[in-house]
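So you can see what is in the structure, the chains are spelled out below.
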Amino acid sequence: MNELLCYTSDFDAAEQEINQLGGLVRLRLTSKAFVAALPLAELSTLVHCKIAPNGNIDDETERLVGIWKASNVPRAPTPSEGVVWNSPDYSTPGAQVLDLAEGEAAIEYEQSTGTPTSRYMTGRISAGIIIVDSNTPGELQFSDDEHATLRDEVLRSLHFLSHEEPRANIGFYPDFKEVAVSLPSESSSVSDPYENLERRWRDTALAELGFPAGRAGYQAYLQQLMSELGTEWGFVAFFTKFPVHWFAYAIWEKVVMHFNNDAWGPSAIHRVFAHEICHVFGAADEYGNCQCGSLHGHLQSPNNNCVSCFGSVSEQAPCLMDRNVLTICEHTRKQIGWCPPLIETETTTL
Ligand SMILES: [Zn+2]
Ligand SMILES: [Zn+2]
Ligand SMILES: [Zn+2]
């Protein structure tokens, strides 16, 4: 299977063409450009997918294509690579907060994060990426370089997950939205410390994008995106430099990350983000207070790579749910649905 950057003036026709040839869209950059996975022998027959753009392309397509091309050059390891998430000097990426106050049935939380839009990680997946920038120059504002870094990190994260399990036939369809806001003057506070800080910049950004406040607002955005892009699943992610209760966390269908990414740094956003996305699709943490054998995900698979299952840490398999690595263990794979009957038994050529 070959990975190919394609340009098109008709995304739907191009996707159909790729699918008919036994391939898939692995990463949609914009409606004008995408990364396809398809059999090597078929390249010459493509009609809707072009290896060069036909005429001018828009700025966002040009930017994402440039970032995609550069991201294929291997990077030197960063100092925190491979470090267990709860190591001294670092903060742990947040797990989902199971707040039952919104009238959801408790049973739902035992299956992935209880969200009908992310039961398991297979097939086509929308990723609504909302970058909440400050409209006032200063430390809360993203520089152009930081906007590029963020897109790079998001694409690396999605690219990794898209082919970590070939039988899952994953294609990610990110939608980058940049919103520059200023925080509303002090509002009333709520008891949930995450929500208390998040809602101030989040709801301002959602209003700017034409959506209602709160979970209803980002759910509406996600539903719109999923129907526009025709994906089975989806989630939203907010990136910002505005105050957050924790630097990275996943709640329901939503990931929130601070650009600075704690001591892990912006260059590790792709791994922390992949960790949080795995939570959204049902994976449990494997460090700290995880419970050996507790059941998670759509298939209710036991957390058998949890650190407490082992007499010594050296017996634990390396995994993104335990440490800052791009590897996913067999138990996490089952929790996010990379297991029959949700995927085929036989390995295909994808
Ligand atoms: Zn976690
Ligand atoms: Zn690839
Ligand atoms: Zn694992």
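In what follows, the structure referred to is the one given above.
For the structure given in this document, a descriptive report is provided here. Since we're looking at a predicted model, the values are computed, not measured.

What follows is about the coordination of the zinc ion (ligand 2). Protein ligation of the zinc ion (ligand 2) involves Glu-3 (OE), Glu-3 (OE), His-159 (NE2) and His-163 (NE2), the donor distances falling in the range 1.9 to 2.4 Å. In this structure, the zinc ion (ligand 2) is coordinated by four donor atoms arranged in irregular fashion, with angles at the metal of 58 to 174°. Along the chain, the residues donating to the zinc ion (ligand 2) fall in the pattern E-x155-H-x3-H. Here His-163 lies in helix α4 (residues 144–164) and Glu-3 lies in strand β1 (residues 2–7), a separation of 160 residues in the sequence. Judged by relative accessible area, which is 34%, His-163 ranks as partly exposed.

One pass over the structure, following the stated rule, counts 14 aromatic pairs. Both rings, one in Trp-201 and one in Phe-238, keep their centres 6.0 Å apart while their planes meet at 70°; by these two values the pair is edge-to-face. Separated by 37 residues along the polypeptide, Trp-201 in helix α5 (residues 193–208) and Phe-238 in strand β6 (residues 233–240) bring together distant segments of the chain. There is no split in this pair, since Trp-201 and Phe-238 are both buried. One aromatic cluster is present, built from ring pairs that chain together Phe-235, Phe-239, Phe-273 and Phe-281. When the ring centre of Phe-11 is taken as reference, the NZ or CZ atom of Arg-28 above it lies at 4.6 Å. Above the face of the Phe-142 ring, Lys-241 is positioned so that its terminal group lies 5.4 Å from the ring centre.

Looking along a regular strand, one sees side chains alternate from face to face of the sheet. Burial of strand β7 (residues 248–251) is two-sided: the residues Ala-248 and Ala-250 facing one way and the residues Tyr-249 and Ile-251 facing the other way are all buried. Where β7 meets strand β8 (residues 254–258), four bridges bridge the pair, whose relative direction is antiparallel. Paired with Tyr-249 across the two strands is Val-256, which belongs to β8.

Thresholds, definitions, all that
Residues numbered from 1 in each chain as written. Chains lettered and ligands numbered in written order. Predicted model: local features only at pLDDT ≥ 70, side-chain atom pairs only at ≥ 80, totals over all residues. Heavy atoms only, no water. Donors = N, O, S within 2.8 Å, 3.2 Å for Na, K, Ca; no water. Tetrahedral: all angles 85-135°; square planar, octahedral: opposite > 155°, others 65-115°. Helix = DSSP H or I, 4+ residues; strand = E, 2+ residues; numbered from the N terminus. Buried < 20%, exposed > 50% of the residue type's maximum accessible area, 1.4 Å probe, protein only. Phe/Tyr/Trp six-rings, centres within 6.5 Å; stacked < 30°, edge-to-face > 60°. Lys NZ or Arg CZ within 6 Å of the ring centre and 35° of its normal. Pairing = 2+ DSSP bridges.

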